Amino acid sequence: MEISGEDLQIVERYVFLDKVRYRVQVKGTNIVFNIQAENDEEAIRKSLELASKVGLTKDLVNEIRKNVQQ
């Protein structure tokens, strides 16, 4: 099962080389996506697309959360 927008949180919004960028974290993990986007919704959507491309699933995120909390 793929992760959803509820699993993500925007932790930073900044401008770099006149482009708006976002740091989007997978909640409860140390995974952070650095995304260029025009708004919050696009940043979440692009982060979900990237997570899917790298094979990040709900089960894998839950395993990572267990290891991070130890």
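One can find the structure itself at the top, above this paragraph.
Here the structure is a predicted model, which is why all the values come from computation and not from measurement. (Residues numbered from 1 in each chain as written. Predicted model: local features only at pLDDT ≥ 70, side-chain atom pairs only at ≥ 80, totals over all residues. Heavy atoms only, no water.)

Draft legend 1. Spatial organisation of helix H1 (residues 40–53). The first and last C-alpha atoms of H1 sit 20 Å apart over 14 residues, in line with the 20 Å expected at 1.5 Å per residue. For H1, the set of buried residues is Glu 42, Ala 43, Ile 44, Ser 47 and Ala 51. Buried-residue contacts for H1 involve strand E1 (8–16), strand E2 (19–26) and strand E3 (32–36). You can read the cap of H1 off the contacts: a side-chain oxygen lies 3.2 Å from the backbone nitrogen of Glu 41, and it is on Asn 39. Gly 55, located one to two residues past H1, shows a positive phi value of around 80°. (Helix = DSSP H or I, 4+ residues; strand = E, 2+ residues; numbered from the N terminus. Expected span 1.5 Å × (residues − 1). Buried < 20%, exposed > 50% of the residue type's maximum accessible area, 1.4 Å probe, protein only. Contact = heavy atoms within 4.5 Å. Polar contact = N/O pair within 3.5 Å; in protein donor to acceptor, adjacent residues only side chain to side chain.)

Draft legend 2. Structural detail: the pattern of salt bridges. In this structure the tally under the stated criterion is 8 salt bridges. Between Lys 58 and Asp 7 there is a salt bridge, with the nearest N and O atoms lying 2.8 Å from each other. With a gap of 51 residues between them, Lys 58 in helix H2 (residues 58–69) and Asp 7 in the segment before E1 connect regions that are remote in the sequence. Residue classification places Lys 58 among the partly exposed positions, given a relative accessible area of 23%. On the basis of relative accessibility, which here comes to 7%, the residue Asp 7 falls in the buried class. Arg 45 serves as the salt-bridge partner of Glu 49, at 2.8 Å between the closest nitrogen and oxygen. (Salt bridge = Lys/Arg side-chain N within 4 Å of Asp/Glu carboxyl O.)

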